Amino acid sequence: MSRRRPDADVPPGLLLVDKPGGMTSHDVVARARRVLSVRRVGHAGTLDPMATGLLVLGVGAATRLLGYVGGHDKTYEATIRLGQSTVTDDREGEVVATTSAAHLDDDAVAAALAAQTGPLLQVPSSVSAVKVAGRRSYDRVRAGEEVVLEPRAVTVHRLDVHRVTRPTPDLVDVEVTVACTAGTYVRAIARDAGAGLGVGGHLTALRRTASGPFAVAEAAPVEEAGQALAAGGGVGVLGLTEAARAVFPVRTLSADEARALGYGQRIPASGAPGLYAAVDDADRLVALVEDAGATAHVAVGFPTG
């Protein structure tokens, strides 16, 4: 039996994972922990089990970046089926209503999807990971509770229709690209577009292709990415400093400034708005720093010792 090694033996970094269908985001994290034999692994931006594509994991100190990574805009490829509603708003749920979409032409479909762009007040599916009084909504639904979630403000920046097909005379499948803010439910777009057309709708396929500056083209299966991190780098891996550079503007520190931040002291302000990555002359991430008047203070520290 292999022994769990200390997290310090594995370099911190982000793993860009191409998640397969049928796994929860937690399943992917658990697999990364087994591959790396470490405990400190987390993920940014949950993907449903049905969905595939980009899932960003943080290992070691890089888990401190995940809250910032998860808030970025996302891009998805999806297939929407019109003519059926399901309990989960995707193909994994039981069909609860069927209404023929045979009368819909491509223009009507495009117009309904166009109405799902811009700023929206979107009600998440009740079978979602949204917490209600401390418990996941899907857990409450599975326990027999009736759950109605509050609408949330999201923005769909772009919804491009690529192809409209009719797998049966009564169903319409629409292949789309969706670019949206974090927290947007693509399956809710399918549900609401179908409701607007009076025929119901759900999602039959979903693949995340980008999250902020990261793309699925840079990703790898979780086993390969984990092995690459343990070996010092490779496909699907960004070291701690490289990851911070991808997400934040960078400030290069003098030796005195790096030392001061390492002790939690303030340094002169840079004049940059918001958080920025403070990197020392050895290209090590010292902290995420934010200006406060004439000085800058540590928001998140990354000890180098």
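Naming follows an unreviewed UniProt entry, where the chain appears as tRNA pseudouridine synthase B of Geodermatophilus africanus. Recorded under Catalytic activity (unreviewed entry), the UniProt text for the chain is reproduced unchanged: "uridine(55) in tRNA = pseudouridine(55) in tRNA". Comment text from UniProt for the chain, heading Function (unreviewed entry), reads "Responsible for synthesis of pseudouridine from uracil-55 in the psi GC loop of transfer RNAs."

(A) Representation of the overall build of the chain. Across its full length, the chain holds eight helices and 19 strands. Buried residues in the chain amount to 47% of all 305 residues. Sequence separation of at least 24 residues holds for 67% of the intrachain contacts in the chain that already meet a minimum separation of 6. Accessible area for the chain stands at about 14,200 Å²; split by element, carbon and sulfur atoms hold 50% of it.

(B) Spatial organisation of the pairing of strand β11 (residues 171-180). When you tally the buried positions in β11, you get nine out of ten residues, the bulk of the element. Here strand β10 (residues 152-168) hands over to β11 after two residues, the two strands then running antiparallel side by side.

(C) Spatial organisation of the pairing of strand β19 (residues 295-301). Bridging between strand β16 (residues 267-268) and β19 involves two bridges; their strand directions are antiparallel. Bridge pairing links Ile267 to Ala296 in β19. Of the strand pairs in this sheet, strand β18 (residues 285-292) and β19 are connected by six bridges, and their pairing is antiparallel. Residue pairing in the sheet places Val289 in a bridge with Val298 of β19. Between β18 and β19, which follow one another and run antiparallel, lie two residues, and Gly293 among them has a positive phi close to 75°.

(D) Up close: the packing of aromatic side chains. Under the counting rule described, the total for this entry stands at one aromatic pair. Seen from their ring centres, Tyr68 and Phe248 are 5.4 Å apart, and the 75° between their planes marks the pair as edge-to-face. In this pair, Tyr68 sits in helix α2 (residues 66-69) while Phe248 sits in the loop between α7 (240-247) and β15 (250-252), placing the two residues 180 residues apart along the sequence. Exposure remark for Phe248: the relative accessible area of 11% places this residue in the buried category. Note that Arg64 overlies the ring of Phe302, its terminal NZ or CZ placed 5.6 Å from the centroid.

(E) Examining the pattern of salt bridges more closely. Counting across every chain of the model gives 14 salt bridges. One salt bridge connects Asp256 with Arg259, and the closest N-O pair in it is separated by 2.8 Å. With Asp256 and Arg259 both in helix α8 (residues 255-262) and three residues apart, this pair spans about one turn of that helix. For Asp256, a relative accessible area of 56% gives the class exposed.

(F) Up close: the environment of Asp192. Here Asp192 shows up in helix α5 (residues 186-197). The class for Asp192 is partly exposed, based on a relative accessible area of 25%. Between the C-alpha atom of Asp192 and that of Ala115, which follows or precedes it by 77 residues, the distance is 9.4 Å.

(G) Region of the structure containing helix α1 (residues 25-36). Between its terminal C-alpha atoms α1 stretches 17 Å, which fits the 16 Å expected from twelve residues at 1.5 Å a residue. When α1 is considered as a whole, its buried residues turn out to be Ser25, Val28, Val29, Ala32 and Leu36. The arc that holds every buried residue of α1, seen down its axis, measures 100°, which confines them to one face. Opposite the packed face of α1, turned more than 90 degrees from it, sit the exposed residues His26 and Arg34. Those residues of α1 hidden inside the fold are in contact with β1 (13-19), β2 (41-44), β3 (52-59) and α6 (222-230). Directly beyond the C-terminal end of α1, a positive phi value near 55° is found at Ser37.

(H) Representation of unusual backbone geometry within the structure. For Asp89, which is not glycine, the phi dihedral falls at a positive 65°. Of note, Asp89 is situated in the loop between β5 (84-86) and β6 (95-98). Despite not being glycine, Asp283 shows a phi value in the positive range, around 65°. When you line up the elements, Asp283 lands in the loop between β17 (275-279) and β18.

(I) A look at the side chain of Ser211. Position of Ser211 relative to the elements: it lies in strand β12 (residues 201-211). Residues contacting Ser211, with those up to four places away along its chain left out, are Leu54, Val69, His72, Asp73 and Lys74.

Conventions used here
Residues numbered from 1 in each chain as written. Predicted model: local features only at pLDDT ≥ 70, side-chain atom pairs only at ≥ 80, totals over all residues. Heavy atoms only, no water. UniProt positions renumbered as here; feature names shortened; annotations may be inferred. Helix = DSSP H or I, 4+ residues; strand = E, 2+ residues; numbered from the N terminus. Buried < 20%, exposed > 50% of the residue type's maximum accessible area, 1.4 Å probe, protein only. Contact = heavy atoms within 4.5 Å. Areas by Shrake-Rupley, 256 points an atom, 1.4 Å probe, with all protein chains shown as cover. Pairing = 2+ DSSP bridges. Phe/Tyr/Trp six-rings, centres within 6.5 Å; stacked < 30°, edge-to-face > 60°. Lys NZ or Arg CZ within 6 Å of the ring centre and 35° of its normal. Salt bridge = Lys/Arg side-chain N within 4 Å of Asp/Glu carboxyl O. Expected span 1.5 Å × (residues − 1). Arc of directions from axis to C-beta.

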